[in-house]
Amino acid sequence: MPAQAYRGKECVCQLRKGICDQSCVEGMLETRFYIACLRLTGRRCVVIGGGDVGLEKVEGLLACDAEVTLVAPDAHPELVQLALEGAIRWEQREYESSDLDGCLIAIAATSDTDVNVRVFEDAEQRAMLVNVVDVPPLCNFILPAIVRTGPIAIAISTAGASPALAKRMKREIGELFGEPYAMLAVLLNEARGWAKATLPSYKDRKEFFESIVEGEPDPVELLREGRFDEVRELVEDAMREHAPA
């Protein structure tokens, strides 16, 4: 149930208002979120709910190499297939508090308000990360829209105010920062080893990379035109220029 649908009903958020007056939703727009990128490889994460939204959340976690457990009596056919392939573990039953044991992240994606509230409260007691889909007040972290191109990932958040706006921004940012930026990131990463081994200080390394990224000709424009070799030459020229005498 979306957060806006709680108005006038019993309050379920941490404010314990008695009857929901939506003050928690309004406060979300003033919340300053600490933006971080989590390394989930091999970390246990649990998704409660096996519908379309649950599938979306499972796929997002798998894309980051998380160890995913799905808890749901029934599941989307694609989730069933992932379980059969061994890509995820499926507990085919109702949610239990112990499902959160040993997990880093819990995502509740059910249509049952009581279950979603229980997941939030159980996770809070464990001081773990929890997200109840589409109910920002029952989240201690929110999931931004992500634009991924090669090694580049750009997160877009509206603090839960408008997923539709985040979706539009994702599309427009993806068009603006596309493949040329990803290719440049790969080339610059190749030069990191040389820079660490050769340039003695952080200031020297910063100046080296900025001379490429902000220099002329513009490496992004060259890559847009398919002139990959010329960008590699720019990197090699910068190495010669910044190498200690």
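Overview of the structure. From a predicted model like this one, the values you see are computed outputs, not experimental measurements.

Rules and cut-offs
- Residues numbered from 1 in each chain as written.
- Predicted model: local features only at pLDDT ≥ 70, side-chain atom pairs only at ≥ 80, totals over all residues.
- Heavy atoms only, no water.
- Axes fitted to C-alpha atoms, helices over the stretch in contact; angles between N-to-C directions.
- Helix = DSSP H or I, 4+ residues; strand = E, 2+ residues; numbered from the N terminus.
- Parallel < 35°, antiparallel > 145°, perpendicular 65-115°, else oblique.
- Left-handed = near helix turned anticlockwise from the far one by under 90°.
- Contact = heavy atoms within 4.5 Å.
- Nonpolar A, V, L, I, M, F, W, Y, C, P; charged D, E, K, R; others polar.
- Core = buried A, V, L, I, M, F, W, Y, C linked by side-chain atoms within 4.5 Å.
- Buried < 20%, exposed > 50% of the residue type's maximum accessible area, 1.4 Å probe, protein only.
- Salt bridge = Lys/Arg side-chain N within 4 Å of Asp/Glu carboxyl O.
- Phe/Tyr/Trp six-rings, centres within 6.5 Å; stacked < 30°, edge-to-face > 60°.
- Expected span 1.5 Å × (residues − 1).
- Bend = angle between axes of the 7 residues up to and from the residue.
- Pairing = 2+ DSSP bridges.

## A word on the packing of helix 6 (residues 179–198) against helix 9 (residues 228–242)
Okay, step 1: For the pair helix 6 and helix 9, the least separation of the axes is 11 Å and the interaxial angle reads 30°. Comparing their axes, helix 9 and helix 6 come out roughly parallel. Crossing handedness for the pair helix 6 and helix 9: right-handed. Here Met183, Leu184, Leu187, Glu190, Ala191 and Trp194 of helix 6 lie close against helix 9, whose contacting residues are Phe228, Val231, Arg232, Val235 and Met239.
Okay, step 2: Residues belonging to the contact of helix 6 with helix 9 are distributed by class as follows: nine nonpolar, no polar and two charged.

## A short note on the nonpolar core
Okay, step 1: Counting 18 residues, the largest nonpolar core has Val46, Ile48, Tyr95, Leu100, Ala106 and Val119 as the members making the most contacts within it.
Okay, step 2: Breaking this core down by element, the ones donating at least two residues are strand 1 (44–48), strand 4 (105–108), helix 4 (113–125) and strand 5 (129–132).
Okay, step 3: Looking at which element gives the most residues to this core, the answer is helix 4, with five residues.
Okay, step 4: Here Val119 is in contact with Ile48, Tyr95, Leu100, Ala106, Ala108 and Val130, once residues within four sequence places are set aside.
Okay, step 5: In this structure, Leu40, Val68, Ala72 and Ala75 belong to the second largest nonpolar core, which totals 17 residues.

## Topic: unusual backbone geometry
Okay, step 1: The residue after Glu216, namely Pro217, is reached through a cis peptide bond having omega -5°.
Okay, step 2: Tracing the sequence through the fold places Pro217 in the loop between helix 7 (202–213) and helix 8 (219–224).
Okay, step 3: With phi around 55°, Ala127 is a residue other than glycine that occupies positive phi space.
Okay, step 4: With respect to the helices and strands, Ala127 occurs in the loop between helix 4 and strand 5.

## Overview of the side chain of Lys57
Okay, step 1: Note on placement: Lys57 falls in helix 2 (residues 52–62).
Okay, step 2: Ignoring sequence-local partners within four residues, the contact set of Lys57 consists of Val47, Ile107, Val133 and Leu143.

## A look at the pattern of salt bridges
Okay, step 1: As enumerated under the stated definition, the model contains 13 salt bridges in all.
Okay, step 2: Close ionic contact of Arg89 with Glu91 constitutes a salt bridge, the shortest N to O distance being 2.7 Å.
Okay, step 3: By relative accessible area, which is 17% here, Glu91 ends up buried.
Okay, step 4: Each of Arg89, Glu91, Arg93 and Asp99 takes part in salt bridges that share partners, so that together they form one network.

## A few points about the packing of aromatic side chains
Okay, step 1: Scanning all chains against the criterion turns up three aromatic pairs.
Okay, step 2: Aromatic pair Phe177 and Tyr181: ring centres 5.0 Å apart, planes at 70°, arrangement edge-to-face.
Okay, step 3: Pairwise contacts between aromatic rings join Trp194, Phe208 and Phe209 into one cluster.

## Digging into helix 6
Okay, step 1: Between its first and last C-alpha atoms helix 6 spans 29 Å; for 20 residues at 1.5 Å apiece the expected length is 28 Å, and the two agree.
Okay, step 2: Most pronounced at Ala191, the bend in helix 6 amounts to some 30°.
Okay, step 3: Looking at helix 6, one finds that the buried residues are Pro180, Ala182, Leu184, Leu187, Leu188, Ala191 and Ala195.
Okay, step 4: Packed against the buried residues of helix 6 are strand 6 (145–149), strand 7 (152–156), helix 7, helix 8 and helix 9.

## Things to note about the sheet that holds strand 3 (residues 89–91)
Okay, step 1: The strand order 3-2-1-4-5 describes an open sheet built from five strands, whose pairing is parallel. Of all strands in the sheet, those with a lone pairing partner are strand 3 and strand 5, marking the two edges. Recorded for the sheet is a direction-independent mean angle of 15° between the axes of neighbouring strands.
Okay, step 2: Where strand 4 and strand 5 come together, four bridges link them in parallel fashion. Each residue of the ladder has a partner; that of Ile105, found in strand 5, is Leu129.
Okay, step 3: The strands that helix 4 touches are strand 1, strand 4 and strand 5; relative to strand 5, the one it contacts most, it runs at about 165°.

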